[in-house]
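Breakdown of the fold
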Amino acid sequence: MESFVWVERRECCPWSRCCGMGDFRPRTVWLGHPEKREQRYPRNVINNQKYNFFTFLPAVLFHQFKYFYNLYFLLLACSQFINELRLGALYTYWVPLGLVLAITIIREAVEEIRCYLRDKEMNSQIYSKLSTRGTVKVKSSGIQVGDLIIVEKNQRVPADMIFLRTSERNGSCFLRTDQLDGETDWKLRLPVACTQRLPTAADLLQIRSYVYAEEPNIDIHNFIGTFTREDGDPPVNESLSIENTLWASTVVASGTVVGVVIYTGKELRSVMNTSNPRHKVGLFDLEVNCLTKILFGALVVVSLVMVALQHFAGRWYLQIVRFLLLFSNIVPISLRVNLDMGKMVFSWMIKKDSKIPGTMVRASTIPEQLGRISYLLTDKTGTLTLNEMVFRRLHLGTVAYGMDSMDEVQSHVFSAYTQPSHDLPASRAPAATKVRKTISSRVHEAVKAIALVHNVTPVYEANGVTDQAEAEQHYEDTCRVYQASSPDEVSLVQWTESVGLTLVGRDQSSMQLRTPTGQILNFTILQIFPFTYESKRMGIIVRDESTGEITFYMKGADVVMAAIVQYNDWLEEECGNMAREGLRVLVVSKKSLTEEQYQDFEARYVQAKLSVHDRSLKVATVIESLEMEMELLCLTGVEDQLQTDVRPTLEILRNAGIKVWMLTGDKLETATCTAKNAHLITRNQDIHIFRPVTTRGEAHLELNAFRRKHDCALVISGDSLEVCLKYYEYEFMELACQCPAVVCCRCTPTQKAQIVRLLQERTGKLTCAVGDGGNDVSMIQEADCGVGVEGKEGKQASLAADFSVTQFKHLGRLLMVHGRNSYKRSAALSQFVIHRSLCISTMQAVFSSVFYFASVPLYQGFLIIGYSTIYTMFPVFSLVLDKDVKSEVAMLYPELYKDLLKGRPLSFKTFLIWVLISIYQGSIIMYGALLLFESEFVHIVAISFTSLILTELLMVALTIQTWHWLMIVGELLSLACYVASLVFLHEFIDVYFITTVSFLWKVTVITLVSCLPLYILKYLRRRFSPPSYSKLTT
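Computed from a predicted structure; not experimentally measured.

1. Points about the overall build of the protein
Within the protein, the regular secondary structure consists of 36 helices and 33 strands. Its C-alpha atoms give the protein principal-axis dimensions of roughly 125 × 70 × 60 Å. A total of 1034 residues make up the protein; the buried ones form 56% of that total. For the protein, restricting intrachain contacts to residue pairs at least 6 apart in sequence, the fraction spanning at least 24 positions comes to 74%. In the structure as shown, the protein presents an accessible area of about 45500 Å², 59% of it carried by carbon and sulfur atoms. Across the protein, the 105 positively charged side chains and the 105 negatively charged ones have centroids separated by 6 Å.

The structure is reproduced here in structure tokens:
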């Protein structure tokens, strides 16, 4: 086997792994000897960073100059090195560009450093490693293929391993896998039999053995490998399957385990199921980029017109370039800086919001995306639910017991074991069962059935006072914990304990219950029929040791149990009622068997299990012969507790026009129950459960059946979804997008990301993905906005997300308040910066055309830099503090959010309005200054520039909807800066002229003519056509 791997390695290109093209190969891993490896394996590190030390600067600069306007300004600044093209000092072009790039680089560097520190924390977790020197401590990042790693209970598995030993007496362990596949059920894992039999863990290093493992792949549900011990007599060979694996990102739920590492780093199953983080560019940034291209087009047209009016005289091509430079303000360089600084302010506001504590912004480039979400895709386990099961209802047909009446159940159980008649249960002949039983005995039978029909094992742990052996011997309540593959089962057994019947012991062949009086009841387990997704039920046959009575107990979903139990008139109705409350319903039944009946069944059952052909069918047929005319005992209702305020949050999102899809790895029934419970699917909505399909024909028929339904929620499994997307992708997505809600269950992490991608491609709308587990990372990174919920199990999702929240309910405020404000403020800010640049460009155009189309700048040097920085920057930037409604109103009326989905705050219509305003104001100011100036040219500069500054300040005041004290400070500070700087600007402005009355009245008239009509128009518009939010604020 070794030679085979060696040959395969020799054939591979020696550079392939370095080039990142290394194809994955099978491997032979020697236990405890990482130095014996036959190929290089990746380091076991978690890496969520976008760049490394060498790629950081080139990549950041590339992403900046990928934007049209940054590239344009770079070319512009470079042109100033050519003497014929120079219009003024070099700093007028290079300083703004340098500032833009410096702010961007610093922001990206801060985010990368934060990301590095978060990854370092995960990579520095300490584990124990078995070595020839004994047990040594090793960091997660230092683990290699071939290492023997010890993982304690409740510890995260650091790498993909083969399970060798466990401290559990029953020779198995449970894993929590919800961070890997989203399933709430615990998974049973079995160690390699050969290594489990060794006396101590240290003996693993004394034997000559190796694991042959398949090449790394994406499939988390399957594994093929072998374990070989060479020094055995004879050599031992064992086949390995998924049952022998411990995948990274799972958590050990019982005992301490030892495993040998087979995959690390990027070859881990969990990592291969996540996509690389992509550089997200906001839709808003793309729209602004589009507007700047339009402005650039206008710039070229204006320059060509100017040269054409000169009749292309002389070196006209140089004149075109000079005009391009002269009117370069049409495309504002400060737009990028203002928007980037605005994003930083929005991110800071989100972090500092006391109503959503613990919220983090990890991608400060896309906060305004939160204001335009059309589809929200959410995980279930740990995101909508707490993954804590609570027993809510016991229904006996004629009577139901809720949480408030459990004491009655307790008294019935107590009386059943204290009444003297209890000693004679076997004396009841089958005929006597026809007689109506007392409520007390019915409750007792139901509780006893629930306490017996399960796969739960009680485990005893030392608690500091009592050691493990003593706890097991005396069945200590304080030391007992229950282990099972499903949290539902644990909640049922915990409930029977609370009403007096306690499961105290269990092994492969027996079970012990303790009654309220302290008496131990012993039961022998004769047969177990485990739960499967096909059968939807589980059964157990037990013999009561005290009476010898044999009973077959069964519990399962109502759809299958309805045909198995005796006829009754209440089962269907009550199951429906409980399901509507969001409870998971199980039907519990029993059947008493005589010794002869059981022996006959056992013989047929053993015979069926020995058959070679159609074994599973024959076994199922034998079991079904028992499943007839069973006595219906009760219904149980268990609730997976929702996170706080999930229902009102989903209601807010729905009213805001956001469609919510639930993508979960969990079972169909569980997912449907949670969707109802969380009111994702409302009470009066129909649900279409998409039947399992495997072929094109079946998918076609099922899609036609679904098409005939209207306003209907869709529930579909991952397998059926795969088939539909393979053959009818367009048709399926078209139908699904019309649904008010969609639930996809048993989804793989890759499928979740695929659904997000398809929604983006098919609808062109913005998506937001919310999750808490490692299995949600792909979906979070694929979505336009990824939100991670900090769950109980690690922080993998929140680390990979753009935003992380501590609870699902915080999402409402994040979108309705911060998302909405960020988008509206960014739109106002960008349009105002464009207006500011167009105003001065219009003035330049008027000036040039009056003076025979000369390519001479109107304002030079510091005036042009000061205009877009200290004179107008503070008031314009203060628009990031503006808001149209209070945050309470935005939360109360989520319909306000719906208005933003149309993209009206920044559209071609609003852009055109601002362009017209800019042309009007620029023309008025320039023509006014030309009309009213007296003898000298510097008077034109003084009058026009002062009017321009005042107009900008007044326009900011006109735009603001809610004043903030910083806005007033910004306005006054800018005015003060301008007045103070006039002293130093004597080369551009006549200082004596500006102190005259003539100057003051001219500036006042020009400013009033440029601004007053706009104030009147705004008043009339608000009076006769007010926007929707103004109706709420008055």
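That was the structure; now back to the text.
2. A few points about the pattern of salt bridges
Scanning the entire structure with this criterion turns up 33 salt bridges. With a shortest N-O distance of 3.7 Å, Asp147 and Lys129 are connected by a salt bridge. Note that Asp147 is positioned in the loop between β3 (134–139) and β4 (148–151) and Lys129 in strand β2 (residues 126–131), a separation of 18 residues in sequence. Summarising the burial analysis for this pair, Asp147 and Lys129 share the class buried.

3. Some thoughts on empty space enclosed by the protein
Evaluation of the coordinates by the stated rule reveals six cavities of 30 Å³ or more. Computed from the structure, the largest cavity encloses a volume of approximately 370 Å³. Around the largest cavity, the lining comprises 22 residues; the ones closest to its centre are Lys50, Arg362, Ala363, Ala801 and Asp802. Its residues placed into classes, the lining of the largest cavity shows eight nonpolar, four polar and ten charged. Lining the second largest cavity are 15 residues, and of these Gln64, Tyr67, Arg107, His279 and Thr365 sit closest to its centre. Put simply, the parts of the chain that give the lining of the second largest cavity at least two residues each are α2 (56–65), α4 (91–123) and α10 (334–352). Its residues assigned to classes, the lining of the second largest cavity comprises two nonpolar, five polar and eight charged.

4. Topic: a positive patch on the surface
A grouping of Lys898, Lys902, Arg904, Lys909 and Arg1021 is seen on the molecular surface, where their side chains present a positively charged patch. Among the secondary structure elements, Arg904 is positioned in the loop between α31 (895–900) and α32 (908–932).

5. Looking at the packing of helix α27 (residues 810–850) against α32
For any two helices packed against each other, one specifies the crossing angle of their axes together with the interaxial distance. Where α27 meets α32, the closest approach of the two axes is 8 Å, and the angle between their N-to-C directions is 40°. Comparing the axis directions of α27 and α32 gives the class oblique. Where α27 crosses over α32, the two elements pack in a sense that is right-handed. Residues belonging to the contact of α27 with α32 are distributed by class as follows: 17 nonpolar, eight polar and no charged.

6. Details of the UniProt feature "binding site: Mg(2+)" (unreviewed entry) in the protein
UniProt feature "binding site: Mg(2+)" (unreviewed entry): in the numbering of this structure it lies at Asp379, Thr381, Asp772 and Asp776. Taken along the chain, the residues just named run across 398 residues; in space they keep tight, none of their C-alpha pairs more than 10.7 Å apart. Relative to the elements of secondary structure, Asp772 occurs in the loop between β31 (766–771) and α25 (777–782). Summarising the element assignment, Asp776 is placed in the loop between β31 and α25. Sequence-distant contacts of Asp776, defined by excluding residues within four places in its chain, comprise Asp379, Lys752 and Gly771. There is a polar contact of 3.0 Å between the side chain of Asp776 and the backbone nitrogen of Asp772.

7. Looking at unusual backbone geometry
The phi torsion of most residues other than glycine is negative, and most of the peptide bonds are trans. Backbone geometry at Glu629 places phi at a positive 50°, although glycine is not the residue there. Residue position: Glu629 is located in the loop between α18 (615–626) and β26 (631–642). Note on Glu629: relative accessible area 55%, which makes it exposed. Unusually for a residue other than glycine, Asp711 sits at a positive phi of about 45°.

8. Description of the sheet that holds strand β7 (residues 187–189)
On the basis of which strands lie adjacent, the open sheet formed by three strands has the order β7-β6-β12 and antiparallel pairing. Each of the sheet's edge strands pairs with one partner strand only, and the pair in question is β7 and β12 (251–252). Bridge analysis of strand β6 (residues 173–176) against β12 gives two bridges, and the strand direction is antiparallel. Paired with Leu175 across the two strands is Val252, which belongs to β12.

9. A word on the sheet that holds strand β25 (residues 584–593)
Reading across from one edge, β17-β16-β26-β25-β24-β23-β22-β21-β20 is the order of the nine strands in this open sheet, with antiparallel pairing throughout. Looking along the sheet, the strands with just one partner apiece sit at the ends: β17 (400–401) and β20 (502–506). By the bridge criterion, seven bridges tie β25 to β26 in an arrangement that is antiparallel. Looking at the pairing, Arg584 lines up with Val638 of β26. Relative to the sheet, helix α14 (residues 487–498) contacts β16 (385–395), β20, β23 (537–544), β24 (550–556), β25 and β26, its axis offset from that of β16 by approximately 50°.

10. Section: the pairing of strand β27 (residues 659–663)
With respect to burial, β27 is a largely interior element, four of its five residues being buried. Where strand β15 (residues 373–378) and β27 come together, four bridges link them in parallel fashion. What sits directly across from Tyr375, in β27, is Lys659. One ladder, built from four bridges, connects β27 with strand β30 (residues 741–745); its direction is parallel. Within β30, the residue paired with Met662 across the bridge is Val743.

11. Focus on the environment of Glu388
Mapped onto the elements, Glu388 comes out in strand β16. Residues Glu388 and Leu617, 229 residues apart in the sequence, show an inter-C-alpha distance of 36 Å.

12. Topic: helix α12 (residues 439–452)
An α-helical turn contains 3.6 residues, so a residue and the one three or four places further along point in the same direction. The first and last C-alpha atoms of α12 sit 20 Å apart over 14 residues, in line with the 20 Å expected at 1.5 Å per residue. The buried fraction of α12 amounts to twelve of the 14 residues, a majority that puts the element mostly inside the structure. Among all positions of α12, only Ser440, Ser441, Val443, His444, Glu445, Ala446, Val447, Lys448, Ala449, Ile450, Ala451 and Leu452 are buried.

13. Quick look at the side chain of Gln369
If you trace the backbone, Gln369 turns up in the loop between β14 (360–361) and β15. Look past the residues within four positions of Gln369 in its chain and what remains in contact with it is Val281, Gly282, Leu283, Phe284, Leu766, Asp784 and Cys785.

14. Some thoughts on the packing of aromatic side chains
A full pass over the atoms with the stated rule returns 25 aromatic pairs. Between the aromatic rings of Tyr871 and Phe945, the centroid separation amounts to 6.0 Å while the plane-to-plane angle is 75°, which identifies the pairing as edge-to-face. Placement of Tyr871 in the loop between α28 (862–868) and α29 (873–877) and of Phe945 in helix α33 (residues 937–959) is noted, with a sequence separation of 74 residues between them. Neither residue differs from the other here; Tyr871 and Phe945 are each classed as buried. Three or more aromatic residues joined by ring pairs form one cluster here, namely Phe529, Phe552, Tyr598, Phe601 and Tyr605. Residue placement shows Arg1023 over the ring face of Phe1024; its charged tip is 5.8 Å from the ring centre.

What counts as what
Residues numbered from 1 in each chain as written. Predicted model: local features only at pLDDT ≥ 70, side-chain atom pairs only at ≥ 80, totals over all residues. Heavy atoms only, no water. Helix = DSSP H or I, 4+ residues; strand = E, 2+ residues; numbered from the N terminus. Buried < 20%, exposed > 50% of the residue type's maximum accessible area, 1.4 Å probe, protein only. Contact = heavy atoms within 4.5 Å. Areas by Shrake-Rupley, 256 points an atom, 1.4 Å probe, with all protein chains shown as cover. Lys, Arg positive; Asp, Glu negative; His and termini not counted. Charge placed at Lys NZ, Arg CZ, Asp CG, Glu CD. Salt bridge = Lys/Arg side-chain N within 4 Å of Asp/Glu carboxyl O. 1 Å grid on protein atoms, 1.4 Å probe; cavity = no way out; pocket = protein on both sides within 12 Å on 5 of 7 lines; lining within 4 Å. Points joined across faces, edges and corners; volume = space filled by probe spheres on them. Nonpolar A, V, L, I, M, F, W, Y, C, P; charged D, E, K, R; others polar. Patch = residues over 30% accessible without salt bridge, like charges linked within 9 Å, V, L, I, M, F, W, Y side chains within 5 Å. Axes fitted to C-alpha atoms, helices over the stretch in contact; angles between N-to-C directions. Parallel < 35°, antiparallel > 145°, perpendicular 65-115°, else oblique. Left-handed = near helix turned anticlockwise from the far one by under 90°. UniProt positions renumbered as here; feature names shortened; annotations may be inferred. Polar contact = N/O pair within 3.5 Å; in protein donor to acceptor, adjacent residues only side chain to side chain. Pairing = 2+ DSSP bridges. Expected span 1.5 Å × (residues − 1). Phe/Tyr/Trp six-rings, centres within 6.5 Å; stacked < 30°, edge-to-face > 60°. Lys NZ or Arg CZ within 6 Å of the ring centre and 35° of its normal.

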